[in-house]
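As a plain string of letters, each chain reads:
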Amino acid sequence: LQPPGGAFSQVDVGTSAACALDPDGRVTCWGGETVNPISTSAPSTRFSFLTVGTWHACGLTDDGVVECWGNDLNGELDVPDATFEQVHAGHHATCGVTDDERLLCWGTLDFEWVP
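Below, the structure is looked at part by part. (Residues numbered from 1 in each chain as written. Predicted model: local features only at pLDDT ≥ 70, side-chain atom pairs only at ≥ 80, totals over all residues. Heavy atoms only, no water.)

1. Some words on the pairing of strand E2 (residues 18–21)
Point 1. Taking every second residue as pointing to the same face, both faces of E2 are buried, with Ala18 and Ala20 on one and Cys19 and Leu21 on the other.
Point 2. Direction of pairing for strand E1 (residues 10–13) relative to E2: antiparallel, over a ladder of 4 bridges. When the sheet's bridge partners are listed, Val13 is paired in E2 with Ala18.
Point 3. Count of turn residues in the E1/E2 antiparallel hairpin: 4 residues.
Point 4. Bridge analysis of E2 against strand E3 (residues 27–30) gives 4 bridges, and the strand direction is antiparallel. Residue pairing for E3: Ala20 is matched across the bridge by Thr28.
Point 5. Between the antiparallel neighbours E2 and E3 lie 5 residues, among them Gly25 with a positive phi of about 85 degrees. (Buried < 20%, exposed > 50% of the residue type's maximum accessible area, 1.4 Å probe, protein only. Helix = DSSP H or I, 4+ residues; strand = E, 2+ residues; numbered from the N terminus. Pairing = 2+ DSSP bridges.)

Right, dumping it as structure tokens:
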């Protein structure tokens, strides 16, 4: 993967794509175009944190809003209505800690890989 040029404040790498935040909180993603739409569907939202899973990515705003993009094969984009303090994307699921200290997960943790 060839990263883009420019200044960045954070980066995360998933299975088939990577994303980075510029100093203004704008996300840039690259890689994975033939497998998933992470790099082609990145939102213009300003994020304070981002996380990349297998075929999806999520960003956390300063206001605690989580927005996810990419493939939604197993509910990866179905973010619960809550305000979050933390978020982390995994293989086909994402979990976050809410501002009232609850743990919420979406997507599937039961994915079975059959080669």
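2. With respect to the pattern of salt bridges
Point 1. For the structure shown, the criterion picks out 1 salt bridge.
Point 2. Across the pair Asp100 and Arg102 runs a salt bridge whose closest N-O atoms are separated by 3.0 Å.
Point 3. Look at Arg102 and you get partly exposed, because its relative accessible area is 41%. (Salt bridge = Lys/Arg side-chain N within 4 Å of Asp/Glu carboxyl O.)

3. Some thoughts on the packing of aromatic side chains
Point 1. This model, assessed by the stated rule, comprises 2 aromatic pairs.
Point 2. Ring centres of Phe47 and Trp69 lie 5.6 Å apart, and the angle between their planes is 25 degrees; on these two criteria the pair is classed as stacked. One end of the pair, Phe47, is in the loop between E3 and strand E4 (49–52); the other, Trp69, is in strand E6 (residues 66–70), and 22 residues separate them in sequence. Exposure class is identical for Phe47 and Trp69. Each is buried. (Phe/Tyr/Trp six-rings, centres within 6.5 Å; stacked < 30°, edge-to-face > 60°.)

4. Describing the state of the cysteines
Point 1. Scanning the entire structure with this criterion turns up 3 disulfides.
Point 2. Paired by a disulfide, Cys58 and Cys68 hold their sulfur atoms 2.0 Å apart. Linking Cys58 and Cys68, the disulfide has an S-S dihedral of approximately 100 degrees and is accordingly described as right-handed. One end of the pair, Cys58, is in strand E5 (residues 56–60); the other, Cys68, is in strand E6, with 10 residues separating them in the sequence. In this structure, Cys58 and Cys68 share a single accessibility class: buried.
Point 3. Disulfide pairing is shown between Cys95 and Cys105; the S-S distance is 2.0 Å. Taking the torsion about the S-S bond as the criterion, the Cys95 to Cys105 disulfide, at about 110 degrees, is right-handed. A residue pair is termed long-range when its members are at least 10 positions apart, and Cys95 in strand E8 (residues 93–98) and Cys105 in strand E9 (residues 103–107) qualify at 10 residues.
Point 4. Exposure remark for Cys105: the relative accessible area of 38% places this residue in the partly exposed category. (Disulfide = S-S within 2.5 Å.)

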